[in-house]
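# What the coordinates show
Residue-level listing of the chains:
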Amino acid sequence: MMKKILTIAIIAIIGLFIFNQIKTNNEEKINNDYEKIDQIKEMCETIANSDYKYSFGTDTNTWYIMELEVIHQKEDAGYSKMEEILGEDFITKLSNGDKIFIGFLPRTTSYRIYAGVPEESNMIYPDWNYTELEQK
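Throughout what follows, the structure given in this document is the object of discussion. Since this is a predicted model, take the numbers as computed values, not measurements. (Residues numbered from 1 in each chain as written. Predicted model: local features only at pLDDT ≥ 70, side-chain atom pairs only at ≥ 80, totals over all residues. Heavy atoms only, no water.)

## A few points about the overall build of the protein
Looking only at helices and strands, the protein features two helices and four strands. The secondary structure elements of the protein, listed N-terminal to C-terminal, are α-β-α-β-β-β. For the protein, whose C-alpha radius of gyration is 21 Å, the value lies well above the compact-globule estimate of 14 Å for 136 residues. Along the first, second and third principal axes, the C-alpha set of the protein runs to 80 × 30 × 20 Å. Counting the 136 residues in the protein, one finds 32% classified as buried. Intrachain contacts of the protein at a sequence separation of at least 6 include 56% that bridge at least 24 residues. In the structure as shown, the protein presents an accessible area of about 8,800 Å², 52% of it carried by carbon and sulfur atoms. Computed over 14 positive and 23 negative side-chain charges, the inter-centroid distance for the protein is 8 Å. (Helix = DSSP H or I, 4+ residues; strand = E, 2+ residues; numbered from the N terminus. Rg over C-alpha atoms; globule rule 2.2 N^0.38 Å. Buried < 20%, exposed > 50% of the residue type's maximum accessible area, 1.4 Å probe, protein only. Contact = heavy atoms within 4.5 Å. Areas by Shrake-Rupley, 256 points an atom, 1.4 Å probe, with all protein chains shown as cover. Lys, Arg positive; Asp, Glu negative; His and termini not counted. Charge placed at Lys NZ, Arg CZ, Asp CG, Glu CD.)

## Quick word on the pattern of salt bridges
Summed over the entire model, instances satisfying the criterion amount to two salt bridges. Note that K136 and D38 form a salt bridge whose closest N and O atoms lie 3.2 Å from each other. Taken as a pair, K136 in the segment after β4 (123-125) and D38 in helix α1 (residues 2-48) lie far apart in primary sequence, 98 residues in all. For K81, the salt bridge identified is with E84, shortest N-O distance 3.2 Å. Residue K81 and its partner E84 are located together in helix α2 (residues 77-86), separated by three residues, close to a single helical turn. Relative accessible area serves as the criterion here: at 59%, E84 is assigned to the exposed category. (Salt bridge = Lys/Arg side-chain N within 4 Å of Asp/Glu carboxyl O.)

## Focus: the pairing of strand β2 (residues 100-105)
Across the six residues of β2, six count as buried, placing the element largely inside the fold. Both faces of β2 are covered, namely the face carrying I100, I102 and F104 and the face carrying F101, G103 and L105. Relative to β2, strand β1 (residues 64-67) is paired through four bridges, and the arrangement is antiparallel. Bridged to E67 within β2 is F101. Examined bridge by bridge, β2 and strand β3 (residues 110-115) share six bridges and lie antiparallel to one another. Paired with G103 across the bridge in β3 is R112. (Pairing = 2+ DSSP bridges.)

## Quick word on the sheet that holds β3
The four strands lie next to each other as β1-β2-β3-β4, forming an open sheet whose pairing is antiparallel. The two strands at the open ends of the sheet, each matched to only one other strand, are β1 and β4. Each strand axis lies, on average, 25 degrees off the axis of its neighbour in the sheet, ignoring direction. (Axes fitted to C-alpha atoms, helices over the stretch in contact; angles between N-to-C directions.)

## Some thoughts on the side chain of D98
Considering the arrangement of structural elements, one finds D98 in the loop between α2 and β2. A polar contact of 2.4 Å, which involves the side chain of D98, links it to the side chain of Y130. Setting aside residues up to four positions removed in sequence, D98 forms contacts with K93, A115, G116, Y130 and E132. (Polar contact = N/O pair within 3.5 Å; in protein donor to acceptor, adjacent residues only side chain to side chain.)

Treat this as a map of the structure, not an account of what it does.
The structure is reproduced here in structure tokens:
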């Protein structure tokens, strides 16, 4: 009887330990996602308030929306500046695997950030409509 109780207690302690580790890892991933989003907002703010916003196309009244991964693939001035700000090793996905998209409207200082797909329902900035991560 005592062995059964001791065995159950040990299994419960191990289970709680594993649960706590999983919870801690998830919280760390979420915090990293928020930090990443803040970095992207700062980078977008810099680009939107500079002449780099004109490097994406000639129509200043068009939203230029791109997957953030382009910063590692293109050599144009705007893309190079984004990579310089974020760093060459910047991971352009959230912890859940959703790709990050950004958009600029060159006529203004407007920019947008999306996750998953660049649609209104997945917007992170300026409106937080993205449901995979709670707004902090």
